[in-house]
Amino acid sequence: MSSTLSPSPVWHPYAHLKSQRPAPKVVGGEGPRFILEGGETLLDATCSWWCMIHGYAHPRLVAAIREQAGELCHVMLGGLSHEPADRLARALVRVTPEGLNHVFFSDSGSVGMEVAMKMAVQYHQLRGKPGKHRLLSLMKAYHGDTAGCMAVCDPEEGMHSLFAGYLPQHHFAPAPTAPFDAEPEAVAADLAALREVLERHHHAIAALLMEPLLQAAGGLNMTSPHYLQGARRLCDEFDVLLVFDEVATGFGRTGRMFAANHAEVTPDIMVLSKGLTGGYLGHAATLANDRVHDAFIGDSPEHAFLHGPTFMGNPLACRVALESLAVFEEEDYLSRIAALNRVLQKELLADEALRAHPAVSDVRVLGATAVIEAHAAGELAGVGDWARERGVWLRPIGRWLYTMPAYITAEDDMRRITEVMKGWFLMR
Ligand SMILES: *Cc1c(COP(=O)(O)O)cnc(C)c1O
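Residues numbered from 1 in each chain as written. Predicted model: local features only at pLDDT ≥ 70, side-chain atom pairs only at ≥ 80, totals over all residues. Heavy atoms only, no water.

(A) Quick look at the packing of aromatic side chains. As enumerated under the stated definition, the model contains 12 aromatic pairs in all. With 5.4 Å between their ring centres and 65° between their planes, F251 and F258 make a pair best called edge-to-face. A residue is classified by how much of its surface remains accessible, and F251, at 4% relative accessible area, is buried. Given a relative accessible area of 0%, F258 falls into the buried group. Aromatic rings pair up to connect F34, Y56 and W393 into one cluster. The lysine or arginine in question, R390, covers the ring of W386, its NZ or CZ lying 3.8 Å from the ring centre. It is R428 that lies over the ring of W424; its NZ or CZ is 3.5 Å from the centre. (Phe/Tyr/Trp six-rings, centres within 6.5 Å; stacked < 30°, edge-to-face > 60°. Buried < 20%, exposed > 50% of the residue type's maximum accessible area, 1.4 Å probe, protein only. Lys NZ or Arg CZ within 6 Å of the ring centre and 35° of its normal.)

(B) The sheet that holds strand 12 (residues 284-289), seen in detail. Strand order in this open sheet of 7 strands is 4-12-11-10-7-5-6, and the pairing throughout is mixed. Strand pairing shows two members of the sheet lacking a second neighbour, strand 4 (100-106) and strand 6 (171-173), which therefore form its edges. If you compare each strand with its neighbour and ignore which way they point, the axes differ by 20° on average. Bridge analysis of strand 5 (residues 134-138) against strand 7 (residues 205-210) gives 3 bridges, and the strand direction is parallel. Residue pairing in the sheet places R134 in a bridge with I205 of strand 7. (Pairing = 2+ DSSP bridges. Helix = DSSP H or I, 4+ residues; strand = E, 2+ residues; numbered from the N terminus. Axes fitted to C-alpha atoms, helices over the stretch in contact; angles between N-to-C directions.)

(C) Representation of the site of the ligand. Taken together, W50, S108, G109, S110, Y142, H143, G144, E211, D245, V247, A248 and K274 make up all the residues around the ligand. Between an oxygen atom of the ligand and a main-chain N or O atom of G109, the distance comes to 2.9 Å. The side chain of D245 places a nitrogen or oxygen atom 2.7 Å from a nitrogen atom of the ligand. Classifying every residue of the shell around the ligand gives 4 nonpolar, 5 polar and 3 charged. (Near = heavy atom within 4 Å. Polar contact = N/O pair within 3.5 Å; in protein donor to acceptor, adjacent residues only side chain to side chain. Nonpolar A, V, L, I, M, F, W, Y, C, P; charged D, E, K, R; others polar.)

(D) Here's a closer look at the domain arrangement of the chain. The assigned domain composition of the chain is domain 1 (26-59 + 332-426) and domain 2 (72-330). Across the boundary between the two partners, domain 1 contributes 29 residues, which contact 29 residues of domain 2. Roughly 2400 Å² is buried in total at the junction of domain 1 and domain 2, and carbon and sulfur atoms are behind 66% of that figure. One salt bridge in this structure joins R399 and E157, with 3.8 Å as the shortest N-O distance. The interface formed by domain 1 and domain 2 contains 16 residue pairs in polar contact (both at pLDDT 80 or more). When contributions to the side of domain 1 that touches domain 2 are tallied by element, the ones reaching two or more residues are helix 1 (47-50), helix 11 (333-349), strand 13 (360-366), strand 14 (369-374) and strand 16 (400-403). By residue class, the composition of the side of domain 1 that touches domain 2 is 21 nonpolar, 5 polar and 3 charged. (Domains from an automatic or database assignment. Contact = heavy atoms within 4.5 Å. Buried area = accessible area lost by both parts, 1.4 Å probe. Salt bridge = Lys/Arg side-chain N within 4 Å of Asp/Glu carboxyl O.)

Here it is as structure tokens:
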């Protein structure tokens with residue numbers, strides 16, 4: 001049956017229904033490329049919203065899912081446990097910064113953040129500080145699309161301003177401006193701005209939330225590890241929990257296993273998703289330190305953490321996450337990421353013509369992430385089609401043309417991606 005007979009009832013994300021064209025159908029993939037109906041293959045510069053870190057059809061990940069499917073596809077985690085959940089929780093405690101000893105599973109990055117926020121509010125409630133029930137977030141933040149998450153996304157430039165009347169009101173500090181390699185003094189102004197909000201509102205603030213080092217969907221804004229260290233000190237001073245949303249940055253994206261590793265900072269709560277399963281199944285983990293966890297040990301009914309997504313700890317997801325982590329470590333992905341980073345530095349950051357182009361306002365690179373920021377979104381109109389004609393799948397966000405490739409991307413393919421990104425500005 002041909003798909004051209006009638007329009008598909010699939011409602012696509014972030015799509016303008018009036019102007020959208022039929023989405024090409026993906027029938028498979030291998031390595032960093034996916035294959036469209038009709039045989040066209042596209043080199044994926046985004047690894048499918050940053051999660052397919054091993055690329056498509058990785059034999060070990062596929063085999064792990066098959067094997068687990070033969071044993072146990074699903075069972076509730078309420079009152080029951082199973083080996084993949086237990087092993088994954090232990091593995092995550094091992095690889096994350098020292099002190100994050102407790103793991104709460106859920107099914108997506110947004111829900112993982114909802115869990116983190118509820119945990120923070122209930123933590124203060126249980127310690128007799130019920131007034132600390134607001135959150136402090138940063139401008140340019142993106143933490144997900146559920147209501148709780150929308151309320152902590154950038155309220156102006158983020159895509160949720162339409163829902164302002166529907167959402168709870170939280171506090172925001174300016175987005176950090178010091179670059180990744182800034183000297184400690186250069187983050188002083190950013191930290192002073194954070195301190196100002198905390199001084200005024202700490203009595204009402206349960207937690208400071210941030211995407212450490214890389215504010216991703218809000219414009220690929222990169223900042224310094226010194227900012228994370230300063231934020232940690234401020235949170236301790238004002239009795240505010242520090243929550244790192246490492247949904248995008250986790251599992252190597254910034255060049256270290258976690259962004260927190262660059263700063264040697266342990267947050268009180270850390271959220272992982274996207275790369276957690278290598279993108280093969282939706283899942284998330286919210287990790288907490290002893291201080292947060294132990295506040296929930298008590299006699300009253302309120303001491304139970306009242307959350308429990310149906311699919312939390314799904315055995316298939318846990319099993320493939322374990323395999324993803326094993327491949328990551330055994331095949332030394334951090335050195336692959338370093339190799340991709342060198343290509344991105346050389347081909348984009350060091351390209352004077354690109355940086356000087358009148359449509360380009362900035363070029364930034366961190367780990368296996370690179371962005372060409374244009375002055376206006378209009379400068380990027382048509383870039384997706386243009387790239388597709390050249391065999392590359394690019395999907396800019398607003399005025400940001402970026403790549404977050406799969407870590408198995410060969411250096412030649414990485415250069416193909418940077419060529420197309422640059423070519424849009426320099427070769428038309
Ligand atoms: C993608 C993302 C989320 C939301 O994850 P979903 O799985 O799409 O719900 C949250 N935080 C960050 C930093 C993200 O990049």
